[in-house]
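Descriptive analysis of the structure
For reference, the chains in residue letters:
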2 protein chains.
Amino acid sequence: MIENSAGFIEQRVSEFISRSKELGIKVTPQRVAIYKELASTDQHPSTEIIYNKIRDYYPNISLTTVYRTLETFEKLGLISVVNVLYNAARYDANLDPHHHIVCTQCKKVEDVYDESFTNLDVSEKTLGDYKVEGYSVLLSGVCIDCR
Amino acid sequence: MIENSAGFIEQRVSEFISRSKELGIKVTPQRVAIYKELASTDQHPSTEIIYNKIRDYYPNISLTTVYRTLETFEKLGLISVVNVLYNAARYDANLDPHHHIVCTQCKKVEDVYDESFTNLDVSEKTLGDYKVEGYSVLLSGVCIDCR
DNA sequence: GTCCTTGCAAAAGTTTTGCAAGGTG
DNA sequence: CACCTTGCAAAACTTTTGCAAGGAC
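**Examining the packing of helix 1 (residues 6–23) of chain A against helix 2 (residues 29–39) of chain A**
Residues and elements named next belong to chain A.
- Look at helix 1 against helix 2: their axes get within 10 Å of each other, and the N-to-C directions meet at 135°. One element, helix 1, and the other, helix 2, form an angle in the oblique class. When you trace helix 1 past helix 2, the crossing you get is right-handed. Where helix 1 approaches helix 2, its residues I9, E10, R12, V13, F16 and I17 are matched on the opposing element by R31, V32, Y35, K36 and A39.
- Across the contact of helix 1 with helix 2, the residue classes break down as 7 nonpolar, no polar and 4 charged.

**Concerning the protein's contact with DNA strand C**
- Surveying the vicinity of DNA strand C reveals 22 residues, the closest of which are A:Q30, A:R31, A:T65, A:R68 and B:Y67.
- Backbone atoms, meaning sugar plus phosphate, form 69% of the atoms of DNA strand C positioned within 4 Å of the protein.
- Within the backbone of A:A89, one N or O atom sits 2.9 Å away from a phosphate oxygen of DNA strand C.
- At 2.6 Å from a phosphate oxygen of DNA strand C is found a side-chain nitrogen or oxygen belonging to B:Y67.
- Elements supplying a minimum of two residues to the surface near DNA strand C: helix 2 and helix 4 (63–76) of chain A together with helix 4 (63–76) of chain B.
- Take the surface near DNA strand C: its biggest share by element is 4 residues, from helix 4 of chain A.

**Focus: the interface of chain A and chain B**
- Taken together, the 69 residues of chain A in the interface contact 69 residues of chain B.
- Around 6200 Å² of area is buried between chain A and chain B when both sides are counted, 57% of it from carbon and sulfur atoms.
- On the surface where chain A and chain B come into contact, there are 32 residue pairs in polar contact (both at pLDDT 80 or more).
- Of all the secondary structure elements, the ones that give two or more residues to the side of chain A that touches chain B are helix 2, helix 4, strand 1 (80–81), strand 2 (91–92), strand 3 (99–103), strand 4 (109–112), helix 5 (115–118) and strand 5 (131–142) of chain A.
- Examining the composition of the side of chain A that touches chain B, we find that 12 residues originate from one element, strand 5 of chain A, more than from any other.

**Comments concerning the side chain of A:S46**
- Mapped onto the secondary structure, A:S46 falls in the loop between helix 2 and helix 3 (47–55).
- A:S46 gets classed as buried once you look at its relative accessible area, which sits at 9%.
- Setting aside anything within four residues of it in sequence, one finds A:S46 in contact with B:A88, B:A89 and B:R90.

**Some points on helix 4 of chain A**
Residue and element names in this part refer to chain A.
- Its 14 residues give helix 4 an end-to-end C-alpha distance of 20 Å, which sits within 8% of 20 Å, the value for a rise of 1.5 Å per residue.
- Within helix 4, burial applies to V66, T69, L70 and F73. In an axial view of helix 4, the angular spread of the buried residues amounts to 100°, which keeps them on one side of the axis. Of the residues in helix 4, the exposed ones pointing more than 90 degrees away from the buried face are R68 and K75.

**As for the domain arrangement of chain A**
All names here are of chain A.
- According to the domain assignment, chain A contains domain 1 (6–92) and domain 2 (99–141).
- Measuring from the centre of the C-alpha atoms in domain 1 to the corresponding centre in domain 2 gives 26 Å.
- The interface of domain 1 with domain 2 comprises 5 residues on the first partner and 5 residues on the second.
- Counting the surface lost from both domain 1 and domain 2, the interface buries some 470 Å², and carbon and sulfur atoms represent 62% of this.
- Of all residues in domain 1, the largest losses of buried area upon contact with domain 2 belong to V84, L85 and R90, amounting jointly to 76% of the total for that side.
- Where domain 1 packs against domain 2, one counts 0 salt bridges.
- There are 2 residue pairs in polar contact (both at pLDDT 80 or more) connecting domain 1 and domain 2.
- Of the residues belonging to the side of domain 1 that touches domain 2, the class tally is 2 nonpolar, 1 polar and 2 charged.

Calculation rules
As a convention, each chain's residues are numbered from 1 in the sequence order in which they are written. Chain A is the first chain written and ligand 1 is the first ligand written, with later ones labelled in order. With pLDDT at 70 or above as the cut-off, local features in this predicted model cover only qualifying residues; side-chain atom pairs require 80 or more to be listed or tallied, and sums for whole chains, interfaces and linings still use all residues. Each side-chain value is derived from all of the structure's non-hydrogen atoms; neither hydrogens nor water enter the calculation. Each axis is a line fitted through C-alpha atoms, and for a helix only the stretch in contact is used; angles between axes span 0 to 180 degrees, taken between their N-to-C directions. Numbering goes from the N terminus for both helices and strands, where a helix is a DSSP run of H or I of at least four residues and a strand is a run of E of at least two. If an angle is under 35 degrees, it is roughly parallel; if it is over 145, roughly antiparallel; if it lies from 65 to 115, roughly perpendicular; otherwise it is oblique. A clockwise turn of the near helix away from the far one marks a right-handed crossing, whereas an anticlockwise turn of less than a right angle marks a left-handed crossing. Contacts are assigned to residue pairs with any non-hydrogen atoms lying within 4.5 Å of each other. Ten residues, namely Ala, Val, Leu, Ile, Met, Phe, Trp, Tyr, Cys and Pro, are considered nonpolar, four, namely Asp, Glu, Lys and Arg, are considered charged, and the remaining ones, Gly among them, are considered polar. By convention in this text, a residue qualifies as near a molecule or strand provided that one of its non-hydrogen atoms is within 4 Å of it. Within 3.5 Å is the distance limit for a polar contact, defined as a pair of N or O atoms, with the added protein rule that one can donate a hydrogen and the other accept it, and that residues adjacent in sequence qualify only through two side-chain atoms. Put simply, buried area is the surface a 1.4 Å probe can reach on two separate parts but cannot reach once they are joined, added for both. When accessible area is computed with a 1.4 Å probe and restricted to protein chains, residues below 20% of their type maximum are described as buried, those above 50% as exposed, and intermediate ones as partly exposed. Residue count minus one, scaled by 1.5 Å, sets the expected span of a helix. The directions considered for the arc run from the helix axis to the C-beta atoms. An automatic or database domain assignment is the source of the domain bounds shown. We count a salt bridge whenever a side-chain nitrogen from Lys or Arg sits within 4 Å of a carboxyl oxygen from Asp or Glu.

In structure tokens, the structure reads:
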């Protein structure tokens, strides 16, 4: 749960710094700025958006650094990527209700048919501001070929 | 459920042609080829992959056409896009279990906390070939600002 | 001081757009 | 034959990579 109090964010940044030292990566001002920006919002920003926000107070930062840093953080489990399959649009002619599992290594997608996934109650949820059209469960894992 | 019999695919292509006429879009050889390619696989191909497969027997087709056609089909509900948020990577510093809802119009993402989503049983599923690492539910809808 | 990290520039990869030619209904 | 659709080319946008300079430990 995000709380927009400065103290809460400072605490998360402190934890990030400790964790970075444990993991053996260097704590640079760029990395702190990127982590802090991400920890300060629940808007799930893109790389470009993070870059632009940081440039307001850190004009010399490079977009390349933001890309590389987010990738590093994600690989180490310090942050997560919301959309695993962001590389290219993937299409499906099968309109029956079903779900998907993606291999985090080769990005292959397979279908998952499971009634317990298909019958989730999405009507009464805390989605007050949204007109919900649908949902799907995306599992992630490593396929047999990549193991 | 995809069945790889030629007859089954032919039937789906026929339905596609009828539906196209109902919807008032023109049935071109390119469109039929694209639909047929997508209906013949459960691999959830990208635009580029569909393009390359079609070029084996239809060398003049343009990648632009494949992009535009898939977009058209998706808007009309003839196919669906597996990864709504494919435009750019979106990151999250919040590692607590939670889910997301995306506005299909402005692509804004918000958090959803719901225990019934968080307690799905993913251990005994028909995911035999995968080492499952996790999952998340992605709801889609239209946010209040876009209505 | 060592070696990881950064910034710049260039390249690779994905998607969109303008416009004239072509084909469907 | 009207108008939607296609193909080409160019541009826009997102991401990755090579390399030399710089900074953290």
